[in-house]
Amino acid sequence: MVNGFIRVNELYKSFDQQSVLQNVNFQVNKGEIIGLIGPNGSGKTTFIRILNGVIRSDKGSIAINGLDPIKDGDDIRKMSGIVTESAGLYHQMSGEENLRFFSDLYGVANKNRIVELLVLFDLIEHKDKKVGKYSTGMKKRLALAKALLHKPDILFLDEPTNGLDPDGIKLVLSYLKKYNEETGTTMIICSHVLHQLENVCHSFAFIDKGTIVEQGTLNSLADKYIDTLKVQVETTLKPTGPNYLGYKYTDVGNKKLVFELQSKHEISKLLNEILKTDEVFSITHMNTDLESIYFKVRGIQHD
């Protein structure tokens, strides 16, 4: 395996003789946002807890920036920020008081950092409000601010959008993406909601039944697993017969045709031919999204 900022080799973990993780191999490069994706009960949370040294694995090796979570757990936790479903905030204290308390705990000398984060997460106007009166979205944003107080090198996020409405989800994910772009902080985001992560993560790792079954960028996974590309074209074209220029198609109505292509390189050829006689209003890839690829991989694993 190529050296990475985080490297995991042949990791195993059981509880009461029940296997939770088995033969896990995993890699994250520095500055990367990786989505750790899998169904509930697939081992995502246990894996994260092992990575930051909260629990020990039974077998295998882990290196995080050259450190071993078993021997160097305190050092890894100092360089890590963690956001879990239970945010760990004090509801009887205000947002600013929470951040001041945790900045003292983390040894953050620069108190301007608190104001920076309140501004970044759009909480400056609510800094004096008791956290118990915060909305779910505000609590999530404050939990992110708390995790970022000490400028960690790694951010572990376990289901960071659970309980949020669509606007809240969009806000939190946009904050994470912006922060990564500005600071280069490595992030591991655990989730079972695939479409939320597609435009945020640089790469993805699919975990199923306690093992990483596939890992890569969206493009590399699509090239590996999608044999026939389906594209929906909104057009005035009305072809006759089962094929158009040798391409199979389905008329789905509303001036939309779904064509089956062998590769993305055939898209421009198809569009150029259509435009010789008709108009094209839009084109949409139908089966190269994260969800389609994930279920394709899972289907192969369960065959």
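Residues numbered from 1 in each chain as written. Predicted model: local features only at pLDDT ≥ 70, side-chain atom pairs only at ≥ 80, totals over all residues. Heavy atoms only, no water.

Asks: Can you explain the packing of aromatic side chains? Please cite residues and give values.
Replies: Under the defined criterion, the tally for this structure stands at ten aromatic pairs. Here the aromatic rings of F206 and Y294 are separated by 5.2 Å at their centres, their planes lie at 85 degrees, and the arrangement is edge-to-face. With F206 in strand β8 (residues 203–208) and Y294 in helix α10 (residues 290–302), the pair connects residues that are 88 residues apart, well separated along the chain. Of the residues examined, F206 reaches a relative accessible area of 1% and is grouped as buried. (Phe/Tyr/Trp six-rings, centres within 6.5 Å; stacked < 30°, edge-to-face > 60°. Helix = DSSP H or I, 4+ residues; strand = E, 2+ residues; numbered from the N terminus. Buried < 20%, exposed > 50% of the residue type's maximum accessible area, 1.4 Å probe, protein only.)

Asks: Can you lay out the side chain of T186 for me, pointing to particular residues and giving the numbers?
Replies: Here T186 lies in strand β7 (residues 186–191). We classify T186 as buried; its relative accessible area is 0%. Of note is the side chain of T186, whose polar atom sits 2.8 Å from the backbone nitrogen of G31. Once residues lying within four places of it in the same chain are set aside, the contact partners of T186 are F5, V28, N29, K30, G31, E32, D153, I154 and L155. (Polar contact = N/O pair within 3.5 Å; in protein donor to acceptor, adjacent residues only side chain to side chain. Contact = heavy atoms within 4.5 Å.)

Asks: Kindly report on the pattern of salt bridges, identifying the contributing residues and their values.
Replies: Within this structure, the stated rule accounts for ten salt bridges. Note that D104 is salt-bridged to K111, the shortest N-O span being 2.7 Å. Each of the salt bridges in this network shares a partner with another, and the network as a whole consists of E96, R100, K127 and D128. (Salt bridge = Lys/Arg side-chain N within 4 Å of Asp/Glu carboxyl O.)

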